[in-house]
Amino acid sequence: MVKDQNLAEDLAQDAFVSYFQNKPVVADDERAIKTFLYSSIKFAVYNLSRKNKTVKKFWERKGFQEFDETDYEHQIIRTEFMQAINDALQNLPEGCRKIMSMSYLEGLSNDEIAGQLDLSINTIKTQKKRGLSVLRDKLRPDYLSLLLAVFFLR
């Protein structure tokens, strides 16, 4: 009836618990016991079905967004990672910091940065190289690999 082995076992177990709790009220003959167990399971299935329909209607109206514990963990890791990057960027000279921020945080290309700052593309590349060298020294190795993965694999 429920098409789930584990759920069926749980319902059967609940029916037996209910039987033992109501044993003084249920007749001692085998047929009465079977009827009691069958009825208990049947009504449990009906109640479960009704509950599932109610829950389904609720989520259809509410809009379901699955809760995922790892999503929060990823947010925490991302926040720690971005804080470490920002701390490391603050130690860079102002021009290098601006270029690194524009490139890696804002996602601008070398040409776009050169155009906005009125600098040559070679200057942009050199500053990015210096910035990455400083970040390599300042960041934990796992943060640096994350930085490279996140920003270079876009």
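Here, residues in each chain are numbered from 1, in the same order as that chain's written sequence. In view of the model being predicted, local features appear only for residues whose pLDDT reaches at least 70, and side-chain atom pairs are presented and counted only at 80 or more, with totals across whole chains, interfaces and linings using the full set of residues. Think of the side-chain values as coming from all heavy atoms in the structure, minus any hydrogens and water.

In the annotation of an unreviewed UniProt entry, the chain is listed under the name RNA polymerase sigma-70 factor (ECF subfamily) and assigned to Pedobacter africanus.

### Digging into the nonpolar core
Among the nonpolar cores identified, the biggest contains 13 residues, and Ile 85, Leu 89, Leu 92, Met 100, Leu 132, Leu 135 and Leu 139 are the most heavily contacted of them. For this core, the elements supplying multiple residues, two or more each, are helix 3 (69-90), helix 4 (94-105) and helix 6 (121-138). Helix and strand assignments follow DSSP, with helices taken as H or I runs no shorter than four residues and strands as E runs no shorter than two, numbered in order from the N terminus. Looking at which element gives the most residues to this core, the answer is helix 3, with 6 residues. For this analysis, residues touch if any pair of their heavy atoms sits within 4.5 Å. Those residues in contact with Leu 92 that sit more than four places away from it in its chain are Arg 97, Met 100, Gly 131 and Val 134. For the purposes of this section, nonpolar cores are sets of buried Ala, Val, Leu, Ile, Met, Phe, Trp, Tyr and Cys residues that join through side-chain atoms within 4.5 Å. Partly exposed describes any residue whose relative accessible area lies between the buried limit of under 20% and the exposed limit of over 50%, with all areas from a 1.4 Å probe on protein chains only and scaled to the type maximum. Formed by 6 residues, the second largest nonpolar core is a distinct cluster that contains Ile 99, Met 102, Leu 108 and Ile 113.

### Some remarks on unusual backbone geometry
Unlike most non-glycine residues, Lys 3 shows phi in positive territory, near 60°. Residue position: Lys 3 is located in the segment before helix 1 (5-21). Overall, the relative accessible area of 83% leaves Lys 3 in the exposed class. Even without glycine at this site, Asp 118 takes up a positive phi of about 55°. The class for Asp 118 is exposed, based on a relative accessible area of 70%.

### Details of the pattern of salt bridges
Criterion for a salt bridge: a side-chain nitrogen of Lys or Arg within 4 Å of a carboxyl oxygen of Asp or Glu. Counted by the stated rule, this structure contains 1 salt bridge. With its nearest N and O atoms 3.0 Å apart, the salt bridge here joins Lys 34 to Glu 30. Here Glu 30 and Lys 34 lie together in helix 2 (residues 30-62), a separation of 4 residues that amounts to about one turn. Assigned by exposure class, Lys 34 and Glu 30 land together as exposed.

### Quick word on the packing of helix 4 against helix 5 (residues 110-117)
Where helices are involved, their axes are fitted lines through C-alpha atoms of the stretch in contact, as for all axes, and angles between N-to-C directions lie from 0 to 180°. At their nearest, the axes of helix 4 and helix 5 sit 10 Å apart, and the two run at 135° to each other. If you check the angle between helix 4 and helix 5, you find them oblique. In the crossing of helix 4 with helix 5, the sense of the turn from one axis to the other is right-handed. Here helix 4 contributes Lys 98, Ile 99, Met 102 and Ser 103 to the contact with helix 5, which in turn contributes Ile 113, Gln 116 and Leu 117. Residue composition of the contact of helix 4 with helix 5, by class: 4 nonpolar, 2 polar and 1 charged. Geometric relationships in this document are graded by angle, where less than 35 degrees denotes roughly parallel, more than 145 denotes roughly antiparallel, 65 to 115 denotes roughly perpendicular, and other angles denote oblique. Note on convention: near helix rotated counterclockwise from far helix by under a right angle means a left-handed crossing. Clockwise means right-handed. Only Asp, Glu, Lys and Arg are considered charged, only Ala, Val, Leu, Ile, Met, Phe, Trp, Tyr, Cys and Pro nonpolar, and every remaining residue, Gly among them, polar.

### A few points about a nonpolar patch on the surface
A cluster of nonpolar side chains, Met 1, Phe 43 and Tyr 46, forms an exposed patch at the surface whose accessible area comes to about 380 Å². Structurally, Tyr 46 is set in helix 2. Judged by its relative accessible area of 43%, Tyr 46 is partly exposed. Within the patch definition used here, like charges are joined within 9 Å and nonpolar side chains (Val, Leu, Ile, Met, Phe, Trp, Tyr) within 5 Å, considering only residues with over 30% relative accessible area and no salt bridge. Only the protein chains shown count as cover for residues, with accessible areas throughout obtained via the Shrake-Rupley method and a probe of 1.4 Å.

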